[in-house]
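# Structural features, examined
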Amino acid sequence: MKREHYIPYDKEFILEQQLAAFSEDPKKVEEFKKLFDIIEHYFHYEAFNLIRNLKQNFAAFNPDLSLKEREEFSDKSDFLSFKETLHEVLDRANYRRVDEETLEIALKNSDLIGLNLSIDFTLFEDYELYVQGHHQTKETVKHYFFWKKEIAVEYYDRVMVYLNYKDANYFKDKKINVEKLLIDPGCIVLKVFKRVPKNDLETVFPNAIPRMSTTDKLLFWIPGIVGTFSLLSTKVIPALLKMNTAYKSGESIDLLNGKNSLDQGLIALGILAAYLFRQYNNFVNKKIKYSKMLSDSLYFKNLGNNSGAFYSLLNSSEEEVLKETILAYSFLNRSKNPLTAEELDNQIESWFLTYLNTDLDFDVKDALLKLESIGLGKETNGKWEVIPVDKALIKIDEIWDGIFDYNQN
C-alpha cells in the first residue's frame, strides 16, 4: 500500500505521546498543554472562516435548498471559489484524489458483493473522488457453492465523492426523467463515507446499477440454450413427430413408449428450468446483497451530505493540521541543534515506525510552513528551530489579540 500523509491517530493521543517526553517536569507539561490548546483554538477559528466561505459559495448549487433559495444565491456563490476552497480543505485534511485507473479497477472487480456495477458518467459535468487513510483486513466470502474463503480486503478510512450534475437542458434534450433519478439538474452533490472497500469504491455513486457479469451471463445462457436445444431435438420433438405420423397413417401408436419418452424430455426440461432459475436467483441475491451494502453505507457509513459534509471535512482538516504542528514543534523543541526539513521528516517518520509500527509519509513541508506562519518556527540557512514554549505562549496570545481589531482608541 502507498505511504500517505494521513496520520491515523487521534490528536489527543499524539499530544499525550509528546508530553510523555517531559513527564519529569510537570511545569513544562502544563505549558505544552496550554500552548497546544490555544493553537487548536486558533486552527478552529481558521476552519470557521473556511466553512463560512464554502457554505456561501456552495449555496447556489446545494440540492438541499429550494430552487427559489438557490436562485437568490446565484450572484453570491462563486463556483471557482468553492472548488478552490474545497480543494484546500481536502489538502489540509490529507485527502488524496482517486485516479481513473483505480476507479476502473473497482468497476471491474469486487471484493465483497461479487457484482458488476454500471455508472452513467455522462450525467455529470465533472466528478471527483478523494480518499483518506487506508488499511487491510481479512474478510470471509462465499467461494463456489457451499465453500467459503478468507481474502485480504483493502479499505479506505474515508471517501468523499463530488458530483457536479449537468444542467436541465441536457436532461431535457436526452428526454431523461430527473424525478426518477432523484436529482436536481445543475446541482452539486457531496458525500463523505467511512470504511469503503477499495474494489467496491464505485458503490458510493448514487446511480450505480447492478449488471450481470460475463460469468453470470455465460452460466445462464450457454447451459440454457444448449440444454434446451438438445432436449427438444432428442426427446420431445422426435416423440411428438412419431406420435403425429402414426396418428395420420393410422398405425398403432405405442403410447407407453411415446409417453415415457415425452415425460423424460419434459422432466429434463424441468430440471434445466430449475437450474436456470437458480442461476438467475443467484444474480438476484447479489443485487439484494448490494442493496443491503448500499443501505448500510447510507445508514451506518455516511458521515455527511452536501453542506453537512463540510463539517466532517473541516474536522479532519483541523485535526491533521494540529497533529502535524504538534509533532513538528515537539521534535524541534527537543532537538539540541536546528534541523533541516529532511532531518526532521526522517526523525518523525522513524518515531512512528519504531513506537507505533506505522509507516507514513509525514508532510513536513506543510508542518514547517504552519509553524512559520504563526511565528513559532523560523528557518536559517536551511535549518529550522522553534522558539521556547514560554515565548511561544506569548506569541500565540499576540496573534489572538490581533484577530479582531474593532477598538480604534
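Cut-off values and rules
- Residues numbered from 1 in each chain as written.
- Predicted model: local features only at pLDDT ≥ 70, side-chain atom pairs only at ≥ 80, totals over all residues.
- Heavy atoms only, no water.
- Core = buried A, V, L, I, M, F, W, Y, C linked by side-chain atoms within 4.5 Å.
- Buried < 20%, exposed > 50% of the residue type's maximum accessible area, 1.4 Å probe, protein only.
- Helix = DSSP H or I, 4+ residues; strand = E, 2+ residues; numbered from the N terminus.
- Contact = heavy atoms within 4.5 Å.
- Phe/Tyr/Trp six-rings, centres within 6.5 Å; stacked < 30°, edge-to-face > 60°.
- Lys NZ or Arg CZ within 6 Å of the ring centre and 35° of its normal.
- Axes fitted to C-alpha atoms, helices over the stretch in contact; angles between N-to-C directions.
- Parallel < 35°, antiparallel > 145°, perpendicular 65-115°, else oblique.
- Nonpolar A, V, L, I, M, F, W, Y, C, P; charged D, E, K, R; others polar.
- Expected span 1.5 Å × (residues − 1).
- Arc of directions from axis to C-beta.
- Salt bridge = Lys/Arg side-chain N within 4 Å of Asp/Glu carboxyl O.

## Some words on the nonpolar core
Membership of the largest hydrophobic core comes to 40 residues, with the highest contact counts inside it found for L327, Y329, L344, F352 and L376. Contributions of two or more residues to this core are made by α1 (11–19), α2 (26–58), α10 (309–334), α11 (341–355), α12 (364–373), β9 (383–386) and α13 (389–401). When sequence neighbours within four positions are dropped, the list of residues in contact with L344 reads A328, F331, L332, L339, V364 and L368. The next biggest cluster of nonpolar side chains, apart from the first, holds 26 residues, and it includes L123, Y156, Y170 and V189.

## Concerning the packing of aromatic side chains
Inspection of every chain in the model, using the stated rule, returns 23 aromatic pairs. Arranged with centres 5.6 Å apart and planes meeting at 50 degrees, the rings of F32 and F36 form a pair that is tilted. Taken together, the positions of F32 and F36, both in helix α2 and 4 residues apart, correspond to about one turn of that helix. The residues F32 and F36 share a single accessibility class, namely buried. Across from the ring centre of F73, 5.7 Å away, lies the NZ or CZ of K76, which sits over that ring. Here R195 stacks its cationic end above the ring of Y155, 4.1 Å away from the centre of that ring.

## Examining the packing of α10 against α12
Interhelical geometry of α10 versus α12 gives an angle of 80 degrees and a closest axis separation of 9 Å. Viewed along their axes, α10 and α12 adopt a mutual orientation that is roughly perpendicular. For the pair α10 and α12, the contacting residues are V321, E324, T325, A328, Y329 and L332 in the first and D366, A367, L368, K370 and L371 in the second. Its residues assigned to classes, the contact of α10 with α12 comprises 7 nonpolar, 1 polar and 3 charged.

## Regarding α13
Relative to the 18 Å expected for 13 residues at 1.5 Å per residue, α13 spans 18 Å between its end C-alpha atoms, a close match to the ideal helical length. Within α13, burial applies to V389, A392 and I396. The buried residues of α13 occupy an angular sector of 45 degrees when the element is viewed end-on, so they sit on one face. The exposed set on the far side of α13, more than 90 degrees from its buried face, consists of K391, I394 and D401. Close packing links the buried residues of α13 with α2 and α10.

## Re the environment of E69
Tracing the backbone through its elements, the reader meets E69 in helix α3 (residues 67–72). E69 gets classed as partly exposed once you look at its relative accessible area, which sits at 37%. Note: C-alpha distance between E69 and A59 (10 residues apart in sequence) is 8.1 Å.

## Quick notes on the side chain of K11
Note that K11 resides in helix α1. Beyond its immediate chain neighbours, meaning those up to four positions away, K11 contacts E40, E319, L322 and K323.

## A look at the pattern of salt bridges
One pass over the full model with this rule turns up 12 salt bridges. When the shortest N-O distance is used, the salt bridge between R3 and E349 registers 3.0 Å. With R3 in the segment before α1 and E349 in helix α11, this pair connects stretches of sequence that are 346 residues apart. On the basis of relative accessibility, which here comes to 34%, the residue R3 falls in the partly exposed class. Given the relative accessible area of 14%, E349 is considered buried. Where K83 meets E128, a salt bridge forms, and the shortest distance between an N and an O atom there is 3.3 Å. Placement of the pair is K83 in helix α4 (residues 79–92) and E128 in strand β3 (residues 124–143), with a sequence separation of 45 residues. Residue classification places E128 among the buried positions, given a relative accessible area of 6%. Ionic contacts of the salt-bridge type, sharing partners, join the residues K83, R97, D126 and E128 into one network.

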